[in-house]
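# Reading the structure
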Amino acid sequence: MSVLQRLCIVFVSLFVCYSNATVHLSGVLTSTDQQNIKKIFEVSSYSDISNAYYAVLGSKALTQGGALSSSMSKAACDAVKSANVKNLESMFYASSLVNALGASCKHQFSAAVIDSVSKKIVDGADIQTLYYATTVLKNLGKKIPAADVLTYLTNVLNEDESVLASSQAILLASHLEDGPGLKALLGKVLDVEDLAAQADEVDEKYLYFENDLRTTSMFLRAAFELAKTKKRPLGLSDDQVIMFANYIMKHKGATSFEGAYNVVAPLNAIVTYSAMSVGKVQLLSGNAISQDKSALRVAVTNVLHQPIDGLTVKVDSVTRSSDNEVIISNVPMKKIIGSAMTGYDLNMWDLKPKSGFYDITLNVVPTGGRKLAGASDVEFRVKVTTSIEILDSQIGTQEQESTSVDWQKISFPAKAPNMKADSQQKVVMTFKVKDTIDNTPMKPHQVFVLFQNVKTNQEVIFVAEADSSSVYKFDVDLSAAGKESFNSQSGEYTVHLIIGDAAIANPVFWHVCNIKLSFAGSTTAEEPASIYAPRPEIHHLFRVSEKRPPAVVSTVFTIACIAPLFILIVMWMRIGVNLGNISFSPKHLVFHGGLVGIFVLYYCFWVQLNMFTTLRYLALLGSVTFIAGNKVLAQQAAQAQS
């Protein structure tokens, strides 16, 4: 690859990764996710050595090298003992298992088997063969012919430039000792940064190769393994690591051994990388703050849902979304060490916030010198909820030409005495809504007055509006609304006050009173039919068959169909039928029998069979008749020529 091509790739990669907003983890592998994966791995026996490999190494990746259950160790060791040692891939899995199981599986491979593996390292071998063979030797503690491997690997990489092959080559290179040859290979041929630039990006959130989990997983493992073993720079930007992890996380529901392993193995590689942590800030306290639930609590975890230590979490700003007022800024959060998860708290209630929505920006800074990705400029939106109280409520009726109102005072949640009103009056209601936290008037987003007909359940809803002094006033002119809204249906109605808001902890549905409304030209309200009442029975009428023609018509038609047969017999009698040359050889009998069978089949089709059954029988009879007829006609032609 030329210097110009390298510069172009680096420029494009930098542009993609840094021209956009900060990338964050879309999720982590939660405890529930990990339990589901463990259920896949932990079985009593493994039908294939590869399944045992994925299960053991996947389980160790979940526990970061922790101990395995005795049943899993035994089942994996049994799989090793029954492995086909003549197959290189099986030896790769078996040797990796022996290396991973340690003292719980003391199994020795013969010198002949190891020698056969060594002989696989030859010029012309593909990358996978070289990778498998060197890994087997490394797992068994045998010497790897590094110089030969480097030469063979360089030759084959010129022919196979796929990401999967390059990833296997990087893993292979991490097994080799440092030297000029390895340095040249990693500097000129195998470049993690160049490979990462070939990845496909989706929605500025995901990076992957060929939309393939196995290839993407192996590349990530190879990149981190090389950085760890050779003390080299990772070659991936923070955003690239996060976007690769987001793609891996999309497949956390994988149900196969290999699929589950390809999820946990690269995530473990990210977690165990000492130079960088990838974290996600999670809101533990929920998005609602109230007097009873006053603290905002967050946790910072890695991709395996484990707490990240050595952090300072600060609130950059808390901004009220309604007017963009910043109520605090640059405030550290208090570290709380819990039994399940280490959290960081901010007591929002001490800030005396008004009810509503708040945008909170956090910044997480590592204190131990380890770089942290994905946890800077994190934003949450929370709501501060409050309780409300209804004050100075009253309802009454008013004559259209009058300014006085016949008021009835009422206190929430009591019910006012029954009322009456007609089409010459208005129904009027006033009230105030108070925030019980700061004792100030409040204007909720949704305030309605509902009239519901007691008999028919017809609902009529009106909006209540607040004036400049935050007093809600509602009135409905029955002369106009009687026909437009109530459909002129007189009768008894219930009146409900409905108050709702996302920031209200105690929404209101208050039965204020019952009122009897009388409208001019009113219609009688009928009891609505129950939707569960039985319906009339449905009687389906089929179309009456058409009248058949007289019997004489069908008789004449039948005679017309049979007439050609009689004509044929008469003609045969006149010209003289000579049956003397009939041969009774098998082919003649088969041919004439086939013809008769076809006519019989036609008759059966007419009286009983359907078209598809007839065609199946005809295909068999027709084929036999055709072959036999061809031989009979060929014989007749030969006799005629002689």
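All figures in this text were calculated on a predicted structure; none of them were measured in a lab.

### Digging into the sheet that holds strand β7 (residues 311-320)
Strand order across the open sheet formed by five strands is β5-β13-β11-β7-β8, with mixed pairing between neighbours. The strands lining the two open edges of the sheet, one partner per strand, are β5 (288-289) and β8 (325-332). Where strand β11 (residues 356-366) and strand β13 (residues 378-384) come together, seven bridges link them in antiparallel fashion. Each bridged residue has a counterpart across the sheet, and for aspartate 359 the counterpart in β13 is arginine 381.

### Quick look at unusual backbone geometry
A cis amide bond, omega 5°, links phenylalanine 412 with the succeeding residue proline 413. A positive phi angle, close to 55°, is found at asparagine 439, a residue other than glycine. Note that asparagine 439 resides in the loop between β17 (425-435) and β18 (440-441). For asparagine 439, a relative accessible area of 52% corresponds to the exposed category. Here serine 470, not a glycine, exhibits a phi torsion of approximately 65°, which is positive. For serine 470, the location among the structural elements is in the loop between β21 (465-466) and β22 (471-477).

### What to know about a negative patch on the surface
Together, Asp126, Glu159, Asp160 and Glu161 make up a region of like negative charge exposed at the surface. Its place among the elements puts glutamate 159 in the loop between α8 (146-157) and α9 (163-173).

### Some remarks on the state of the cysteines
Scanning the model with the defined rule gives one disulfide in all. Paired through a disulfide, cysteine 77 and cysteine 105 show a sulfur-sulfur distance of 2.2 Å. Residues cysteine 77 and cysteine 105 are joined by a disulfide whose S-S torsion is about 80°; by sign, that bridge is right-handed. Linking cysteine 77 in helix α4 (residues 70-81) with cysteine 105 in the loop between α5 (88-101) and α6 (111-118), this pair joins segments that are 28 residues apart in sequence. The same class applies to cysteine 77 and to cysteine 105, which are both buried.

### Describing the packing of helix α12 (residues 213-230) against helix α13 (residues 238-249)
Viewed as axis vectors pointing N to C, α12 and α13 meet at an angle of 140°, and their least axial separation amounts to 10 Å. With respect to each other, α12 and α13 are oriented oblique. For the crossing formed where α12 meets α13, the hand is left-handed. Counted together, Leu213, Thr216, Ser217, Phe219, Leu220 and Phe224 of α12 and Val241, Phe244, Tyr247 and Ile248 of α13 form the full contact between these two elements. Along the lines of polarity and charge, the residues of the contact of α12 with α13 split into eight nonpolar, two polar and no charged.

### Topic: the pattern of salt bridges
Throughout the structure, instances matching the rule amount to 13 salt bridges. Between arginine 381 and aspartate 359 there is a salt bridge whose closest N-O contact spans 2.8 Å. Highlighted residues: arginine 381 in strand β13 and aspartate 359 in strand β11, separated in sequence by 22 residues. We classify arginine 381 as partly exposed; its relative accessible area is 46%. Residues participating in the shared-partner salt-bridge network are Arg320, Asp323 and Glu325.

Calculation rules
- Residues numbered from 1 in each chain as written.
- Predicted model: local features only at pLDDT ≥ 70, side-chain atom pairs only at ≥ 80, totals over all residues.
- Heavy atoms only, no water.
- Pairing = 2+ DSSP bridges.
- Helix = DSSP H or I, 4+ residues; strand = E, 2+ residues; numbered from the N terminus.
- Buried < 20%, exposed > 50% of the residue type's maximum accessible area, 1.4 Å probe, protein only.
- Patch = residues over 30% accessible without salt bridge, like charges linked within 9 Å, V, L, I, M, F, W, Y side chains within 5 Å.
- Areas by Shrake-Rupley, 256 points an atom, 1.4 Å probe, with all protein chains shown as cover.
- Salt bridge = Lys/Arg side-chain N within 4 Å of Asp/Glu carboxyl O.
- Lys, Arg positive; Asp, Glu negative; His and termini not counted.
- Charge placed at Lys NZ, Arg CZ, Asp CG, Glu CD.
- Disulfide = S-S within 2.5 Å.
- Axes fitted to C-alpha atoms, helices over the stretch in contact; angles between N-to-C directions.
- Parallel < 35°, antiparallel > 145°, perpendicular 65-115°, else oblique.
- Left-handed = near helix turned anticlockwise from the far one by under 90°.
- Contact = heavy atoms within 4.5 Å.
- Nonpolar A, V, L, I, M, F, W, Y, C, P; charged D, E, K, R; others polar.

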